[in-house]
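For reference, the chains in residue letters:
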Amino acid sequence: MTTDPCAVRAHDLGKTYSVRGVKGGVRALDGLDVTVDRGIVFGLLGPNGAGKSTAVKILTTLTRPDRGAAEIEGVDVLRRPDRVRRLIGVVAQRSGSDPRATTRENLVLQARMHGMSGPAARARTTELLDRFDLSEVADRLVRTLSGGTQRRLDVALGLVHRPAVLFLDEPTTGLDPEARTAMWAEIRRLAGRDGLTVVLTTHYLEEADRLAHRLAIVDRGRVVAGGTPDELKGELRGDAVHLDLPAGTVPAEVRAVLEALPAVREVRVAGGGVSARSDNGPAAVPTVLAALERAGMPAAAVTVARPSLDDVFLRYTGRRYTPGDLPGTPGSPGTPPAATSPVPASGAAAGEGPADQSTPSASREAAR
Ligand SMILES: Nc1ncnc2c1ncn2[C@@H]1O[C@H](COP(=O)(O)OP(=O)(O)OP(=O)(O)O)[C@@H](O)[C@H]1O
């Protein structure tokens, strides 16, 4: 695509899954473009079904697009998947470690699967146990470890072969707040001290805001906005004013009242309430509330906030992040039948699994 390779480049990726009973299939990607510079944490942020996992599956050689092109460190993902696999580490949504093996056995086996000799595998294991603060649990079975410690091991497994780019798919889903904060610090260190490029997919607005140097907001298979979190939020002038409405109030009627007020602009119906922007949110609130009282539609609650990524999402998609967009929420729009599976349900070329797939317990002996 260009002569100056960056860490990751995807151009015009398109992919439609064939799904029985769905005419024309399910379009997962619709012209996705992404460029990731080296040595940063890059966030792919979007709700369930936005297409993040499909993009990552293509970039990590797990599946092929219908159209478009992709490169990792200048290497063509479609033509040279074997070379790409040596350049990348993948930490999938589901842990790739063997719960019935010890921490050390998992790491040694992973290193052996990457072709390291016994002594080299053991040396790399010692290095990673130390680097990820896993030495104390080196000889414990993985299934006895806490969720946060297991996740640290997953990251260590993804780094055994010293990749240039690490893909982390929803790395903190299911972790408690303390473990999540620790994982954030770890990810920052990877890109900072270790100079790795980290591509992170996340549903969490706060995670993307706090962790990613740059972001691509993905919706319906394409990038709708990109930049640093501050750039994206900076595009939104002023404060967000959000009104919760009592049952029975028609949001469209509230919107009409607000649209007549010079104190607010960009009025939208979203998330069961009505949102608007204002150059001075606190000053606009009394005017807004009084106008609604006069119209016989008092608000149930009002919130004024500095711009957040939630507002950025709203601006570019016309929707708020709702519970239906959060991980694990049943019935969220477009939730894929097998979206969390690290193994593609369709479209993957045979034998193209990534080099760091789960550790088969049958071959555990090799780790010893
Ligand atoms: N194997 C598959 N077969 C059929 N449809 C699929 C498959 N995988 C994903 N899809 C569909 O493709 C669209 C994009 O899904 P994808 O998993 O890439 O999104 P996502 O943003 O990663 O969401 P999530 O965070 O829930 O994994 C969704 O509509 C989903 O239903």
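Predicted model only: the values in this text are computed from it and were never measured.

**Focus: the domain arrangement of the chain**
Then, in step 1: As assigned here, the chain comprises domain 1 (8–232 + 329–340) and domain 2 (237–306).
Then, in step 2: Relative placement of domain 1 and domain 2: their C-alpha centres are 39 Å apart.

**Observations concerning the packing of helix α3 (residues 103–113) against helix α4 (residues 118–131)**
Then, in step 1: Contact geometry for α3 and α4: axes closest at 9 Å, N-to-C directions at 130°. As the angle between them shows, α3 and α4 are arranged oblique. Helix-helix and strand crossings are classified by hand; for α3 and α4 the assignment is right-handed. Mapping the contact onto sequence places Arg 104, Leu 107, Val 108, Ala 111 and Arg 112 in α3 and Ala 121, Arg 122, Arg 124, Thr 125, Leu 128 and Leu 129 in α4.
Then, in step 2: Taken together, the residues of the contact of α3 with α4 sort by class into 6 nonpolar, 1 polar and 4 charged.

**A short note on the nonpolar core**
Then, in step 1: Leu 59, Phe 167 and Val 198 are the most contacted members of the largest nonpolar core, which totals 70 residues.
Then, in step 2: Within the second largest apolar cluster, 14 residues are counted, among which are Leu 245, Leu 258, Ala 284 and Leu 292.

**Description of helix α10 (residues 281–294)**
Then, in step 1: Between its first and last C-alpha atoms α10 spans 20 Å; for 14 residues at 1.5 Å apiece the expected length is 20 Å, and the two agree.
Then, in step 2: Every buried residue of α10 is listed here: Gly 281, Ala 284, Val 285, Val 288 and Leu 292. Down the axis of α10, the buried side of the element spans an arc of 115°, and every buried residue falls inside it. Summarising the geometry of α10, the exposed residues directed more than 90 degrees from the buried face are Ala 283, Pro 286, Ala 290, Glu 293 and Arg 294.
Then, in step 3: Downstream of α10 by one or two residues, Gly 296 has phi in the positive range, about 75°.

**Quick word on the sheet that holds strand β2 (residues 26–36)**
Then, in step 1: Read across the sheet, 4 strands follow the order β2-β1-β4-β5 without closing on themselves; strand pairing throughout is antiparallel. Of all strands in the sheet, those bounded by a partner on one side alone are β2 and β5 (75–76).
Then, in step 2: The pairing of strand β1 (residues 8–17) with strand β4 (residues 67–72) spans 5 bridges and is antiparallel. Residue pairing across strands places Gly 14 opposite Arg 67, the latter belonging to β4.

**Describing the sheet that holds strand β14 (residues 301–305)**
Then, in step 1: One open sheet accounts for 4 strands, arranged β12-β13-β11-β14; its pairing is antiparallel. The open sheet has two edge strands with one neighbour each: β12 (265–270) and β14. Direction aside, the axes of adjacent strands within the sheet are offset by 20° on average.
Then, in step 2: Where β12 lies against strand β13 (residues 273–278), 4 bridges are found, and the strand directions are antiparallel.

**Some words on the environment of Gln 150**
Then, in step 1: You can see Gln 150 is positioned in helix α5 (residues 147–159).
Then, in step 2: Taking C-alpha positions, Gln 150 is 8.2 Å from Ser 97, a pair spaced 53 residues apart along the chain.
Then, in step 3: When residues no more than four places from it in sequence are discounted, the contact partners of Gln 150 are Ser 95, Ser 97, Val 142 and Leu 145.

Conventions we followed
- Residues numbered from 1 in each chain as written.
- Predicted model: local features only at pLDDT ≥ 70, side-chain atom pairs only at ≥ 80, totals over all residues.
- Domains from an automatic or database assignment.
- Axes fitted to C-alpha atoms, helices over the stretch in contact; angles between N-to-C directions.
- Helix = DSSP H or I, 4+ residues; strand = E, 2+ residues; numbered from the N terminus.
- Parallel < 35°, antiparallel > 145°, perpendicular 65-115°, else oblique.
- Left-handed = near helix turned anticlockwise from the far one by under 90°.
- Contact = placed C-beta atoms within 7 Å.
- Nonpolar A, V, L, I, M, F, W, Y, C, P; charged D, E, K, R; others polar.
- Core = buried A, V, L, I, M, F, W, Y, C linked by C-beta atoms within 7 Å.
- Buried ≥ 20, exposed ≤ 12 C-beta atoms within 10 Å, placed from the backbone.
- Expected span 1.5 Å × (residues − 1).
- Arc of directions from axis to C-beta.
- Pairing = 2+ DSSP bridges.

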